[in-house]
Amino acid sequence: MLTEVIWWSGILLEAVIAVRGLRGKLFSHYPAFYLYLVSVVFVEIARFYTYHWMLGIYPHVYWNTQFVSLVIGCAVISEIYRVGLKGFPGTARMARNLLWFVFALVFAKAIATSADGVSWWKALTAMKLERDLRIVQAGSLIALVAVFLAYAIPLSRNLKGIIAGYGIFLGTSVFQLTVMVHLGAAFRGAWDYLRSAMYLFVLILWVASLWNYQEAPRPAHTITLDEDYKMLVAGTRKQFQKTRLALGKAVRP
Amino acid sequence: MIAFYACLGVGMTLFVLLFFLGAGQAPDDGGAEPLDLAGERRAASCPPEIVQRVFSPQDSEYVARVGTPRLERFYLSERRRVALNWIRRTSTELSQVMQAHVRAARAKQDLNPATEAKVFLQYLRLRCLCGLLLIATLVVRPSSLQELAIYASELSRQLASGERGFERVARAVPTRVHSGT
């Protein structure tokens, strides 16, 4: 009964977000996110149908649809990057570098795993593969959020909601899959309900943040005497040097 | 087991960053102030002679010579309060410089990730130095920071050699005065 309530509530909330997205013209601003959402609605319906009437093929349907949403999830992250850093080309380059660093780390880890004699792909179960791909997504989102925070990038309520919701979903997925890979099926049960409840929370967050379209706040224009980047860096370092000298002078014997 | 904790660490880091993102960003007005003018204000905030005096052992030696425990206690608490205030203020000013920098740098077309990393590292080292000074002032007398001074001068020497390279680059670019677009 509880499973059905969660299932139907999820589908209902997803439908509300989609309808609000259409009415508020949010679809054109966040196409990847709405594609993801619509795909999730279809996936939920397909899973609901197979769970009740074709239980034998449910695991097969579950894992296949899970990878579909995983691939579309990558598009959502790419959209966060594109929309969030639209007016900040330099910061976008910084984020790109960080993303490459994350991919290089994952690639290095994959090579290190395959180098111990066991083929990486053979050693992977569907669950492990999903965990690893979710970690790549989580790593990318970490890099993006770190750049947003470090450079105080102004974000719209819509984008903040998308990031928060997808981030919570990714974080709980990483936790769940990591512990399930480590402990096995013993971990299932209560966690399944917890994850579903968390997903409902994410959907409520999306309903609230995507009710209307909102533009990103415009950053206050920075007027500096030297608009050149190299001069700006030199200016900052000069300020640091002054502080450093003051600190040094203060404690010099 | 390391992989297990690393995976959980990724999830945890994501939650922490999302918390900071949700906690809200500072009002977007810090960068509106020209860096050079801000520098003049900072330089005037506390004359170096006074700061040097706060940390110098001269007054401490004088109070010790007077030999009144009550005066010594009063002197120590007052001196410590002034020193802590100065360190906190310096730390805040460092944050303001960094904030002004990132707000001005974020829209630059030619933003260089390696240079940004160096600036951030320099900022981090100075913040660490402030933290170290703060702890040292709380633990020992402000006038007994000679060991820290050795570290500070060593750090200062290292930073100065790095900065010379930057100044050469900066000098090569002609200064432009305009309102910007």
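Each chain has its residues counted from 1, following the order in which its sequence is written. Note on labels: chains are lettered from A, ligands numbered from 1, in written order. Only residues with pLDDT of at least 70 are given local features in this predicted model, and only at 80 or more are side-chain atom pairs given and counted; all residues enter the totals for whole chains, interfaces and linings.

**Q** An account of the overall build of chain B is requested, with residue identities and associated values reported.
**A** Runs of H or I in DSSP of at least four residues are treated as helices and runs of E of at least two as strands, each being numbered from the N terminus. Looking only at helices and strands, chain B features seven helices and zero strands. Taking all 181 residues of chain B together, the buried fraction comes to 26%. Here the contact rule is simple: place C-beta atoms from the backbone, and any two residues whose C-beta atoms are within 7 Å are in contact. Counting contacts in chain B only where the partners sit at least 6 residues apart, residues at least 24 apart contribute 81% of the total. Three exposure classes are used. Buried residues have 20 or more other C-beta atoms within 10 Å of their own C-beta, exposed residues have 12 or fewer, and partly exposed residues fall in between, all C-beta atoms being placed from the backbone.

**Q** I'd like a description of the overall build of chain A, backed by residues and values.
**A** A count of helical and extended segments in chain A gives nine helices and zero strands. Going from N to C terminus, chain A has its helices and strands arranged as α-α-α-α-α-α-α-α-α. Among the 253 residues that make up chain A, the fraction classed as buried is 35%. In chain A, once contacts between residues fewer than 6 apart in sequence are set aside, the share between residues at least 24 apart is 80%.

**Q** Go over unusual backbone geometry with me, naming the residues and quoting the values.
**A** All names here are of chain A. Notably, Lys25 is not glycine yet its phi reads approximately 55 degrees, a positive angle. When the 10 C-beta atoms within 10 Å are taken as the criterion, Lys25 is described as exposed. Even without being a glycine, Ala152 presents a positive backbone phi close to 45 degrees. On the secondary structure map, Ala152 appears in the loop between α6 (126–150) and α7 (157–183).

**Q** Tell me about the confidence of the model for chain A, and please be specific about residues and values.
**A** pLDDT is a residue-level measure of predictor confidence that goes from 0 to 100. Summing up the model confidence of chain A, the mean pLDDT is 82 and the portion of residues at 70 or higher is 86%. Here helix α5 (residues 120–123) of chain A stands out as the least confident element of chain A, with mean pLDDT 52; α7 of chain A is the most confident, with 89.

**Q** Which residues make up the packing of α7 of chain A against helix α1 (residues 2–22) of chain B, and what values go with them?
**A** Fitted lines through C-alpha atoms give the axes, limited to the stretch in contact for helices. The angle between two N-to-C directions lies from 0 to 180 degrees. Here α7 of chain A crosses α1 of chain B at 160 degrees, and the two axes come no closer than 9 Å. Taken together, the axis directions place α7 of chain A and α1 of chain B in an arrangement best described as roughly antiparallel. Crossing of α7 of chain A against α1 of chain B: the hand is left-handed. In this structure, α7 of chain A uses Lys160, Ile163, Ala164, Gly167, Ile168, Leu170, Gly171, Val174, Phe175, Thr178 and His182 of chain A to contact α1 of chain B, whose residues at the interface are Phe4, Cys7, Leu8, Val10, Gly11, Leu14, Phe15, Leu18, Leu21 and Gly22 of chain B. Nonpolar residues are Ala, Val, Leu, Ile, Met, Phe, Trp, Tyr, Cys and Pro. Charged residues are Asp, Glu, Lys and Arg, and all others, Gly as well, are polar. Tallied by class, the residues present in the contact of α7 of chain A with α1 of chain B amount to 14 nonpolar, six polar and one charged. Roughly parallel means an angle under 35 degrees; roughly antiparallel means over 145; roughly perpendicular covers 65 to 115; every other angle is labelled oblique. The crossing is said to be left-handed when, going from far helix to near helix, the turn is anticlockwise and less than a right angle, and right-handed when the turn is clockwise.

**Q** Can you break down the packing of helix α4 (residues 57–66) of chain B against helix α5 (residues 69–105) of chain B residue by residue, with the values?
**A** Angle between the axes and distance between the axes: these two values describe a pair of packed helices. Residue and element names in this part refer to chain B. For the pair α4 and α5, the least separation of the axes is 8 Å and the interaxial angle reads 160 degrees. Here α4 is positioned roughly antiparallel relative to α5, judged by the angle of their axes. Of the two possible hands of crossing, α4 and α5 adopt the one that is left-handed. Together, Val63, Ala64 and Val66 of α4 and Leu71, Glu72 and Tyr75 of α5 make up the contact between the two elements. A breakdown of the residues in the contact of α4 with α5 according to their chemical character gives five nonpolar, no polar and one charged.

**Q** Break down helix α8 (residues 190–209) of chain A for me, with residues and values.
**A** Owing to its 3.6 residues per turn, the α-helix brings residues three or four apart onto one side. Residue and element names in this part refer to chain A. Along its 20 residues, α8 runs 29 Å from first to last C-alpha, staying within 8% of the 28 Å computed at 1.5 Å per residue. Those residues of α8 that sit buried are Tyr199, Val202, Leu203, Trp206 and Ser209. Around the axis of α8, the buried residues are gathered within 135 degrees of arc, so they sit on the same side. Counted as exposed and oriented over 90 degrees from the buried face of α8: Ala190, Tyr193 and Ala208. If you follow the buried residues of α8, they end up packed against α1 (2–23) and α7. One fewer than the residue count of a helix, multiplied by 1.5 Å, yields its expected span. When we speak of the arc, we mean the arc of directions from the helix axis to the C-beta atoms.

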